[in-house]
Amino acid sequence: MTPEEQVTKDYQVRRWVGLVEETLHENGPVAARPLLKAVCGVVIRNPFAGRYADDLSALTAPSAALGTALGRRAAALLGGAEVESYGKGGLAGLAGEQEHVVACVTTVFGNALREAVGGGAAWISSATKTAAAGASLDIPLAYKDEVYVRSHYDAVTVSVPDVPRPDELFVCVAVASGGRVHERVGGLTVTEARAQAASGSAR
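All values derive from a computational prediction rather than experimental measurement.

Visitor: Give me the lowdown on the environment of A81, citing residues and values where you can.
Guide: One can find A81 in the loop between helix 3 (63–76) and strand 3 (85–92). Note on A81: relative accessible area 30%, which makes it partly exposed. Excluding residues within four positions of it along the chain, A81 makes contact with L36 and S177.

Visitor: Give me the packing of helix 3 against helix 5 (residues 107–116): which residues, what numbers.
Guide: In the contact formed by helix 3 and helix 5, the axes pass within 7 Å of each other and the chain directions differ by 30 degrees. The angle between the axes of helix 3 and helix 5 places the two elements in the roughly parallel class. Between helix 3 and helix 5 the crossing geometry is right-handed. In this structure, helix 3 uses S63, A64, L66, G67, T68, L70, G71 and R72 to contact helix 5, whose residues at the interface are V108, F109, A112, L113 and A116. Taken together, the residues that form the contact of helix 3 with helix 5 break down as eight nonpolar, four polar and one charged.

Visitor: Outline helix 3, listing residues and values.
Guide: In a regular helix each residue adds 1.5 Å, so 14 residues correspond to 20 Å; helix 3 covers 20 Å between its end C-alpha atoms and thus fits that length. Of all 14 residues that make up helix 3, ten are buried, and the element is covered over most of its length. When helix 3 is considered as a whole, its buried residues turn out to be S63, A65, L66, G67, T68, A69, L70, G71, A74 and A75. Contacts from the buried residues of helix 3 go to helix 1 (3–10), strand 1 (13–23), strand 2 (35–45), helix 2 (57–60), helix 5 and strand 7 (168–176).

Visitor: Tell me about the nonpolar core, residues and numbers included.
Guide: C104, F109, V171 and V175 are the most contacted members of the largest nonpolar core, which totals 36 residues. For this core, the element with the most residues is helix 3, which contributes six residues. Sequence-distant contacts of V171, that is, excluding residues within four places in its chain, are made with C40, G41, V42, I44, L70, G89, G90, V101, C104, V105 and F109. Judged by nonpolar contacts, the second largest core, of 19 residues, contains V43, A135, I139 and V181.

Rules used throughout
- Residues numbered from 1 in each chain as written.
- Predicted model: local features only at pLDDT ≥ 70, side-chain atom pairs only at ≥ 80, totals over all residues.
- Heavy atoms only, no water.
- Helix = DSSP H or I, 4+ residues; strand = E, 2+ residues; numbered from the N terminus.
- Buried < 20%, exposed > 50% of the residue type's maximum accessible area, 1.4 Å probe, protein only.
- Contact = heavy atoms within 4.5 Å.
- Axes fitted to C-alpha atoms, helices over the stretch in contact; angles between N-to-C directions.
- Parallel < 35°, antiparallel > 145°, perpendicular 65-115°, else oblique.
- Left-handed = near helix turned anticlockwise from the far one by under 90°.
- Nonpolar A, V, L, I, M, F, W, Y, C, P; charged D, E, K, R; others polar.
- Expected span 1.5 Å × (residues − 1).
- Core = buried A, V, L, I, M, F, W, Y, C linked by side-chain atoms within 4.5 Å.

What follows is the structure, encoded as structure tokens:
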């Protein structure tokens, strides 16, 4: 069974969503390597819409398949470029709670996402909220192996006109092929972070 088939089995899916941005410059010279950012999301029915429940495991327990499917789809949208940054998040429709979408993107989801995009040692930045259809979500991005790499502090925005409906959840992941175009405020670099990681593994 593919991850998408598993998601369809465990959740009631209405739609998959994909978005790609390619940035060539930010008022400076054209970058030698354009920055690619991609978002992939899935719209599912919220089984807890309109009611309170203590146990949200029906959303959390099967969420590894969500992380795998969304991670693979998002990485594929980069067209073969390496995933350097990642993030996650989601929206709960107005008949639900923020906690419902948080239940979909816990460690179960995150570990599967890491594996799907080629690994990652850093914690995954996240943003969730309850909102009406058409609301925008800013998904934070950070370097996947060291959260203190300042060049990769970024975000990507997604908005879909009819998502989420009141009884839906919109679960998303974001990936990027590098740091901000024209980043120049210093801090730990990717090269330094990789050297530190290699040195640590050698000891």
